[in-house]
Amino acid sequence: MKVLKIIALVVLLGFVGIQFVPTDPNLSDVVPDTDFMSVNQVAKDIEHDLRVSCYDCHSNNTQYPWYNKVQPIAWFLEEHIKEGKEELNFNEWGDYSDRRKRSKLKSIASQIEDDKMPLSSYTLIHKDAKLSVEEKERILTLVNDLMEELDN
């Protein structure tokens, strides 16, 4: 019994201790001119859909939930956002080459059509981020229009 108390105390102290390890929040007050919305002049309804469903992980400004203050959750979120931005960063869209834009647009379409984005782990907590059929159709129409523009 004494051993279990010692183990529990060590685990508790470890949990408390990791709360003081800082993370690097993904926060920016600046919306650059290279942002997807600015470059493509996206309609307000589609802009809202993308901001709610995509921008937390795929831009330079995440709207963090309250539980981001708790480790190890904050580390998980930080790594997830880092990976998301490496794959696609909507704030850097204007800096992408046409070839890369085309590739990203194809990927966006594929991810949405296959219900891979937004991630189910994200929509589980962020119910408003789950895309309806109508929202998916609007985004896919925009994506297809943008691909046509790049082909011309």
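Given the structure is predicted, the values throughout are model-derived calculations rather than measurements.

Student: Talk me through the overall build of the protein chain; I want residue IDs and the actual numbers.
Tutor: If you tally the helices and strands in the protein chain, you get seven helices and zero strands. The order of α-helices and β-strands along the protein chain, N terminus first, is α-α-α-α-α-α-α. For 152 residues, the compact-globule estimate of 2.2 N^0.38 gives 15 Å, and the protein chain exceeds it by more than 25% at 19 Å. Referenced to the eigenvectors of the C-alpha coordinate spread, the extents of the protein chain come out at roughly 75 × 30 × 25 Å. Here the protein chain holds 152 residues, and 36% of them are scored as buried. In the protein chain, the proportion of contacts linking residues at least 24 apart, taken out of those at least 6 apart, comes to 72%. Put simply, the protein chain shows about 10000 Å² of open surface, and 58% of that area lies on carbon and sulfur atoms. Of note, the protein chain has its 18 positive side-chain charges centred 8 Å away from the centre of its 27 negative side-chain charges.

Student: So what about the UniProt feature "domain: Haem-binding" (unreviewed entry) in the protein chain? Which residues, and what values?
Tutor: UniProt's entry tags residues 12-147 with the feature "domain: Haem-binding" (unreviewed entry), counted in the numbering of this structure. Taken end to end, residues 12-147 is 53% helix and 0% strand, and its first and last C-alpha atoms sit 53 Å apart.

Student: Give a detailed account of the environment of Leu-146, specifying residues and quantitative values.
Tutor: Structurally, the position occupied by Leu-146 is in helix α7 (residues 133-151). With 99 residues separating them along the chain, Leu-146 and Glu-47 place their C-alpha atoms 14 Å apart. Here Leu-146 is in contact with Phe-36, Asn-40 and Leu-105, once residues within four sequence places are set aside.

Student: Give me the lowdown on the pattern of salt bridges, citing residues and values where you can.
Tutor: All chains considered together, the criterion is met by nine salt bridges. Of the charged contacts, one joins Arg-51 and Glu-47 as a salt bridge, the two residues approaching to 3.1 Å between their closest N and O atoms. Of this pair, Arg-51 and Glu-47 both sit in helix α3 (residues 44-53), separated by four residues, roughly a single helical turn. According to the relative accessible area criterion, Glu-47 is buried, its value standing at 17%. Sharing partners across several salt bridges, the network here consists of Asp-35, Lys-44, Glu-47 and Arg-51.

Student: Can you explain the packing of aromatic side chains? Please cite residues and give values.
Tutor: Enumeration according to the criterion identifies five aromatic pairs in this entry. Each ring, one from Phe-36 and one from Trp-93, has its centre 5.0 Å from the other, and the planes form 80°; the classification is edge-to-face. You can see Phe-36 sitting in helix α2 (residues 36-40) and its partner Trp-93 sitting in the loop between α4 (73-87) and α5 (98-113), a full 57 residues away along the chain. Note on accessibility: Phe-36 and Trp-93 belong to one class, buried. Each ring, one from Tyr-55 and one from Phe-90, has its centre 5.0 Å from the other, and the planes form 5°; the classification is stacked. Of the two residues, Tyr-55 is situated in the loop between α3 and α4 and Phe-90 in the loop between α4 and α5; the sequence distance between them amounts to 35 residues. Clustering of aromatic rings is evident, with ring pairs tying together Phe-36, Tyr-55, Phe-90, Trp-93 and Tyr-96. Taking NZ or CZ as reference, Arg-51 lies 4.8 Å from the ring centre of Tyr-55, over its face.

Student: Break down the confidence of the model for the protein chain for me, citing the residues and quoting the values.
Tutor: This prediction gives the protein chain a mean pLDDT of 91; 100% of its residues lie at or above 70. Looking over the protein chain, one finds the lowest element-wise mean pLDDT in helix α1 (residues 2-18), namely 82, and the highest in α5, namely 96.

Calculation notes
Residues numbered from 1 in each chain as written. Predicted model: local features only at pLDDT ≥ 70, side-chain atom pairs only at ≥ 80, totals over all residues. Heavy atoms only, no water. Helix = DSSP H or I, 4+ residues; strand = E, 2+ residues; numbered from the N terminus. Rg over C-alpha atoms; globule rule 2.2 N^0.38 Å. Buried < 20%, exposed > 50% of the residue type's maximum accessible area, 1.4 Å probe, protein only. Contact = heavy atoms within 4.5 Å. Areas by Shrake-Rupley, 256 points an atom, 1.4 Å probe, with all protein chains shown as cover. Lys, Arg positive; Asp, Glu negative; His and termini not counted. Charge placed at Lys NZ, Arg CZ, Asp CG, Glu CD. UniProt positions renumbered as here; feature names shortened; annotations may be inferred. Salt bridge = Lys/Arg side-chain N within 4 Å of Asp/Glu carboxyl O. Phe/Tyr/Trp six-rings, centres within 6.5 Å; stacked < 30°, edge-to-face > 60°. Lys NZ or Arg CZ within 6 Å of the ring centre and 35° of its normal. pLDDT = per-residue confidence, 0-100.

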